[in-house]
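Coordinate analysis (summary)
Listed below, chain by chain, are the residues.
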Amino acid sequence: MTVSVTGATGFIGRKLVQRLRTDNHSIRVLTRSKSKAEQIFPAKDFPGIVIAEESDWKDCVQGSTAVVNLAGLPISTRWSPEIKKEIKDSRIRVTSKVVDLINNSPADARPTVLVSATAVGYYGTSETGVFDENSPSGKDYLAEVCREWEGTALKANKDVRVALIRIGVVLGKDGGALAMMIPFFQMFAGGPLGSGQQWFSWIHVDDLVNLIYEALTNPSYKGVINGTAPNPVRLGEMCQQLGSVLSRPSWLPVPDFALKALLGEGATVVLEGQKVLPVRAKELGFEFKYKYVKDALRAIMQ
Ligand code: NDP
């Protein structure tokens, strides 16, 4: 397979590229910065990898078997009106561009699969609800971003199989939520963030990469598929498990106001969550390697 990947230089993308390379697929990295991508994927370690800036994306998409779309400004920053706009615009802009390139490819050079990221933020937040792929969308800002993001990906030509992966909080060593949480833990001696009652629908990065890989290769993976582990936890439990794995106490809560002071409106990402179940992945027979957060954290921290 020849796979073009946007956001390949990010936390999930880097792992996906490694996985695709292990199975000898050809990879085309679609990036905004060739020099940054060349540092992440040096030619000596990634022979044959193609790295392309936006002006050359067309040549990469044409002739690819599949496209994976992961690009977007990180949401885990302090939100200003400008940042909020860019959180949405970056996702729509890149998705739209990729879809246009797919649709405008000659039929005999058109990718047949688009695997596009979206997020469990689609469902809004709730301490009591349980969400699966058929649940309605929420009403908040992130739900709106996800709806538009997904809608843009679904504009791909009808002959293209589109899989939308609604990703939960991705746990892994070199980035994502844990990279943010661990310093908090160290600063505050650990403890729940906010009330601790908010749901935390997590997934180990290896399972997510395997799910994306399955979506690329298995024609049954079509439409929305939640990318979350089968056993979400409340954030209080997650923090307790993290404290236990890090051998740090987990008793001093990080108060809402501290998070709001640090992250502004973006603190809602941490202070509110949703319980999301991977119903489609299970129906499709996907095997999660990490079903419980304790096992995932142990594997990551060892
Ligand atoms: P990262 O932030 O690590 O990487 C995202 C990539 O997107 C970057 O490497 C960059 O690639 C590109 N990018 C960054 N800013 C912009 C921008 N302003 N405009 C266009 N492209 C930009 O993300 P992750 O790997 O963690 O996540 C991948 C996708 O999955 C994201 O869309 C994210 O929203 C989604 N997701 C992730 C979750 C998580 O827990 N990590 C949870 C839910 C969803 P380059 O510089 O090469 O162009």
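Cut-offs used in this document
- Residues numbered from 1 in each chain as written.
- Predicted model: local features only at pLDDT ≥ 70, side-chain atom pairs only at ≥ 80, totals over all residues.
- Heavy atoms only, no water.
- Helix = DSSP H or I, 4+ residues; strand = E, 2+ residues; numbered from the N terminus.
- Buried < 20%, exposed > 50% of the residue type's maximum accessible area, 1.4 Å probe, protein only.
- Contact = heavy atoms within 4.5 Å.
- Pairing = 2+ DSSP bridges.
- Core = buried A, V, L, I, M, F, W, Y, C linked by side-chain atoms within 4.5 Å.
- Salt bridge = Lys/Arg side-chain N within 4 Å of Asp/Glu carboxyl O.

Describing the side chain of Ser-105
Relative to the helices and strands, Ser-105 resides in the loop between helix H4 (81-103) and strand E5 (113-119). In this structure Ser-105 comes out as buried when scored by relative accessible area, which is 3%. Apart from the residues lying within four places of it in its own chain, the contact partners of Ser-105 are Val-61, Gln-62, Arg-110 and Pro-111.

Details of the pairing of strand E1 (residues 2-6)
The buried count for E1 comes to 5 of 5 residues, which makes it a mostly enclosed element. Of the two faces of E1, the one lined by Thr-2, Ser-4 and Thr-6 and the one lined by Val-3 and Val-5 are each fully buried. Here 5 bridges tie E1 to strand E2 (residues 26-30), and the two strands are oriented parallel to one another. When the sheet's bridge partners are listed, Val-3 is paired in E2 with Ile-27. Examined bridge by bridge, E1 and strand E4 (residues 66-69) share 4 bridges and lie parallel to one another. Directly across from Val-5, in E4, lies its bridge partner Val-68.

Overview of the nonpolar core
Counting 47 residues, the largest nonpolar core has Val-5, Val-68 and Val-115 as its most contacted members. Contributing elements (two or more residues each) for this core: E1, helix H1 (11-22), E2, E4, E5, helix H5 (141-153), strand E7 (161-167) and helix H7 (205-217). A per-element tally of this core places H7 first, with 8 residues. Filtering out sequence-adjacent residues up to four positions away, Val-115 remains in contact with Val-67, Val-68, Asn-69, Ala-163, Ile-165, Ile-212, Ala-215 and Leu-216. Core analysis: the second largest hydrophobic core is formed by 25 residues, Phe-200, Val-233, Cys-239 and Leu-263 among them.

Looking at the pattern of salt bridges
In total, this model carries 10 salt bridges according to the counting rule given. The salt bridge involving Glu-148 is made with Lys-88; its shortest N-O contact spans 3.0 Å. Residue Glu-148 is found in helix H5, and its partner Lys-88 is found in helix H4; the two are separated by 60 residues along the sequence. Taking the relative accessible area as the measure of exposure, Lys-88 reaches 16% and is therefore buried. In the salt-bridge network here, residues are joined through shared partners; they are Lys-88, Glu-144 and Glu-148.

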